[in-house]
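Close look at the chain arrangement
Single-letter residue listing:
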Amino acid sequence: MVKIPNRLEDLYPATAIEKILEAIQQPEISGRVRGTLNKVGLGDLNPLEQVQHAWQQARSWLDSVACDVQWDRDSLLINATGKLFGSDLGSVPVSSAIAQVFVKHATQFHDPGLHDWQVENTLRHEFNSTGCFAGALNAALRHLIGNRQVLIAKTDLVRIPGLGNVASMLAGLQVTEVGPANGCSSQDWQTAFGNSNDSESCVLLVSPNTLSPADGQEQNAAAIEAAKQTSVPVFQLSADVVLHEALTEKLHMPRLRRADGVTALVAPLHLLLAAPTGALVLAEETRIESLRTALQESGDTLAWPQAAAAMVALQLPSLQDDLGSGFLPLMLVNSENLKGRAERIAIQLNGVGPVKSAQAISRMASLGDAPWNRYSLENWAVELACSSAAQKLADELSVACSDEDAALPAIKCIVEGGKIILDLRFVDPQDDHLLVTSILGPMPAEEARHSNGTMQGDLVDGE
């Protein structure tokens, strides 16, 4: 964590502090300082206390710059689509804790040997497996696969929003599609193995794919069982693995672990693991050593600031229940909290300005386009019937306003049946008032503060 010091002793060595005190306490300087303080009505205060107070003010300002996004509202995007992954949405936000870890380590020199040991120790402790980080998922896959023929189910050659196109990742390799578009049977895998050279082939399993979670698990189990009869390695690319137990219970997402029979598990760090961009690889020790060497020689290692932040992200669910900022607490928020927020916003917008009517509605929304549509959440949203074309207003909301009097962020929403839908699942509660302001125009300062204060939602599941 990045800790901004709040005492002079934390900023300078003790000898330097002693010299500062000696200088301040000299009669000539002390007299001038006291005279100045008397002129502004602060004659009873100690000059050193004034210095400390000034530093406290500076520290508060630094805190506001580091943690408050109000200063950069013209570049902020409010995601009111109800989706986590979409073509018009950028990378998912990490928590403030992860961002601060990255900043801290990005400003320091590093000892590569010590860091490799820290990564290995952390991964072994958290996942009972040796592992390493790669600078990019594509690089990790390429080094693992090498020149092998890739056996992959037709269902797995998919484009995964937020990650990329699996077919493009395998471009230039010899790829053999296995089974029909509705899934592979055990016989399909046995036939594929019989037609390939065991020593020059590998299996690549991908999740999520075009199958349901249950069918996908069955297909993977059949592939692993068939591979056990040969020397063919099984590599698994899992974009939907999670760390938080509540997500597994709520959405039936797979937990991050290397299953029996899987040679190496590759997972992108920046998706549901909520870490900076890169890839995590879990495999047996000899394969990890070979992969680490290949990554170093090709310059595909993950820089230490990202690796340090990734290690914190991978341990965060076990370190604390409160996940802080980012998208994870928004995924876990109780739908009743969303309902209360939607109802308050609807009351403020109903029959005002361009809005003819506003109401809170319940809706099921998937995490994104296929194959993310296998995971859906119960959301609450504000449905707006507008006096003018809904699409026109939606287009206007999608453009940030950087006017000095009203700096407003861009808002991505959806239009269904000629109505605007503002889904609150991935809208931070502190930004609720900005939805109202963007549609109705700036409020008086006092009213805006009151509105913002009454819309703070509780991000604790079940409360």
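Look up: the structure comes first, before these words.
A brief look at the structure comes next.

The rules behind the values
Residues numbered from 1 in each chain as written. Predicted model: local features only at pLDDT ≥ 70, side-chain atom pairs only at ≥ 80, totals over all residues. Heavy atoms only, no water. Helix = DSSP H or I, 4+ residues; strand = E, 2+ residues; numbered from the N terminus. Buried < 20%, exposed > 50% of the residue type's maximum accessible area, 1.4 Å probe, protein only. Contact = heavy atoms within 4.5 Å. Areas by Shrake-Rupley, 256 points an atom, 1.4 Å probe, with all protein chains shown as cover. Salt bridge = Lys/Arg side-chain N within 4 Å of Asp/Glu carboxyl O. Expected span 1.5 Å × (residues − 1). Arc of directions from axis to C-beta. Polar contact = N/O pair within 3.5 Å; in protein donor to acceptor, adjacent residues only side chain to side chain. Phe/Tyr/Trp six-rings, centres within 6.5 Å; stacked < 30°, edge-to-face > 60°. Axes fitted to C-alpha atoms, helices over the stretch in contact; angles between N-to-C directions. Parallel < 35°, antiparallel > 145°, perpendicular 65-115°, else oblique. Left-handed = near helix turned anticlockwise from the far one by under 90°. Nonpolar A, V, L, I, M, F, W, Y, C, P; charged D, E, K, R; others polar. Core = buried A, V, L, I, M, F, W, Y, C linked by side-chain atoms within 4.5 Å.

**Things to note about the overall build of the protein**
Within the protein one finds 18 helices and 17 strands. A buried classification covers 44% of the 463 residues belonging to the protein. Look at the contacts in the protein between residues 6 or more apart in sequence, and 75% of them connect residues 24 or more apart. Accessible surface computed for the protein: about 22800 Å², of which carbon and sulfur atoms make up 49%.

**Some details on the pattern of salt bridges**
The tally for this structure, following the rule as stated, stands at eleven salt bridges. With its nearest N and O atoms 2.6 Å apart, the salt bridge here joins Lys154 to Glu177. Of this pair, Lys154 sits in the loop between strand 3 (149–153) and strand 4 (159–160) while Glu177 sits in strand 6 (residues 175–178), and the two are 23 residues apart along the sequence. Judged by its relative accessible area of 44%, Glu177 is partly exposed. Linking Arg292 and Glu289 is a salt bridge whose minimum nitrogen-to-oxygen distance equals 3.0 Å. Here Arg292 and its partner Glu289 are both found in helix 12 (residues 285–298), three residues apart, which amounts to about one turn of the helix. With a relative accessible area of 38%, Glu289 lands in the partly exposed category. If you follow the salt bridges from partner to partner, you end up with Arg363, Glu416 and Asp423 in one network.

**Looking at helix 6 (residues 112–127)**
Helix length check: helix 6 (16 residues) gives 22 Å between terminal C-alpha atoms against 22 Å at 1.5 Å per residue, within 8%. Of all the residues in helix 6, the buried ones are His115, Val119, Thr122, Leu123 and Phe127. Projected down its long axis, helix 6 carries its buried residues within an arc of 95°, all on one side. Away from the buried face of helix 6 by more than 90 degrees, exposed residues Trp117 and His125 are located. A side-chain oxygen of the first residue of helix 6 lies 3.2 Å from the backbone nitrogen of Gly113; this N-cap is Asp111. Just beyond helix 6, the residue with positive phi is Asn128, at close to 55°.

**Some details on the packing of aromatic side chains**
The geometry of an aromatic ring pair is captured by two quantities: the separation of the ring centres and the angle between the planes. A full pass over the atoms with the stated rule returns one aromatic pair. Centroid distance Phe85 to Trp372: 4.4 Å. Interplanar angle 20°. Geometry classified as stacked. In this pair, Phe85 is assigned in the loop between strand 1 (77–79) and helix 5 (96–106) and Trp372 in the loop between strand 11 (355–366) and strand 12 (376–386), connecting sequence segments 287 residues apart. Its relative accessible area of 3% is what places Phe85 among the buried residues. What makes Trp372 buried here is its relative accessible area of 0%.

**Focus on the environment of Gln174**
Note on placement: Gln174 falls in the loop between helix 8 (166–169) and strand 6. Along the chain, Gln174 and Asn147 lie 27 residues apart, while their C-alpha atoms are 8.2 Å from each other. Once residues within four sequence positions are removed from consideration, Gln174 is found in contact with Arg148, Gln149 and Val150.

**Some points on helix 10 (residues 213–228)**
Side chains that are three or four residues apart share a direction in an α-helix, a result of its 3.6 residues per turn. Taking 1.5 Å per residue, 16 residues should reach 22 Å; helix 10 reaches 23 Å between its end C-alpha atoms and fits that length. Regarding helix 10, the residues found buried are Gly216, Gln219, Asn220, Ala222, Ala223, Ile224, Ala226 and Ala227. Elements in contact with the buried residues of helix 10: strand 3, helix 9 (186–194), strand 7 (201–207) and strand 8 (234–238).

**Concerning unusual backbone geometry**
Backbone torsion omega between Ser207 and Pro208 reads 0°, so that peptide bond is classified as cis. Following the sequence through the fold, Pro208 ends up in the loop between strand 7 and helix 10. Of note, the amide linkage connecting Ala370 to Pro371 takes the cis form, showing an omega dihedral of 5°. Mapping Pro371 onto the fold places it in the loop between strand 11 and strand 12. At His252, a position not held by glycine, the phi torsion is positive, near 60°. Tracing the chain through its elements places His252 in the loop between helix 11 (245–251) and strand 9 (264–268). Classification of His252 by relative accessible area gives exposed; the value is 58%.

**As for the packing of helix 7 (residues 137–145) against helix 12**
A pair of packed helices can be characterised by two numbers: the angle between their axes and the separation between those axes. Where helix 7 meets helix 12, the axes come as close as 10 Å, and the angle between the chain directions of the two elements is 120°. When the axes of helix 7 and helix 12 are compared, the pair comes out oblique. Along this stretch, helix 7 crosses helix 12, giving a crossing that reads as right-handed. Note on element contacts: helix 12 touches helix 7 through Arg287, Leu291, Ala294, Leu295 and Ser298, opposite Ala140, His143 and Leu144. The residue makeup of the contact of helix 7 with helix 12, split by class, is five nonpolar, two polar and one charged.

**With respect to the nonpolar core**
Core analysis: the biggest nonpolar cluster contains 50 residues, and Leu84, Leu204, Leu272, Val281, Met331, Leu367 and Trp372 have the highest contact counts within it. When residues in this core are grouped by element, the largest group, five residues, is from helix 7. For Met331, the residues in contact, after removing those within four places along its chain, are Leu84, Leu247, Lys250, Leu251, Met253, Leu272, Leu367, Leu377, Arg425 and Phe426. If you look at the next biggest cluster of nonpolar residues, it comprises 29 residues, including Ala80, Ala346, Leu408 and Ile439.

**Structural notes on the environment of Val119**
Examined against the element boundaries, Val119 turns out to sit in helix 6. Here the alpha-carbon distance between Val119 and Gly131, two residues twelve residues apart in the chain, equals 7.9 Å. In this structure, Val119 is in contact with Cys132, Phe133, Trp304 and Met311, ignoring residues within four places of it in sequence.

Any functional reading would require information beyond the geometric quantities listed.
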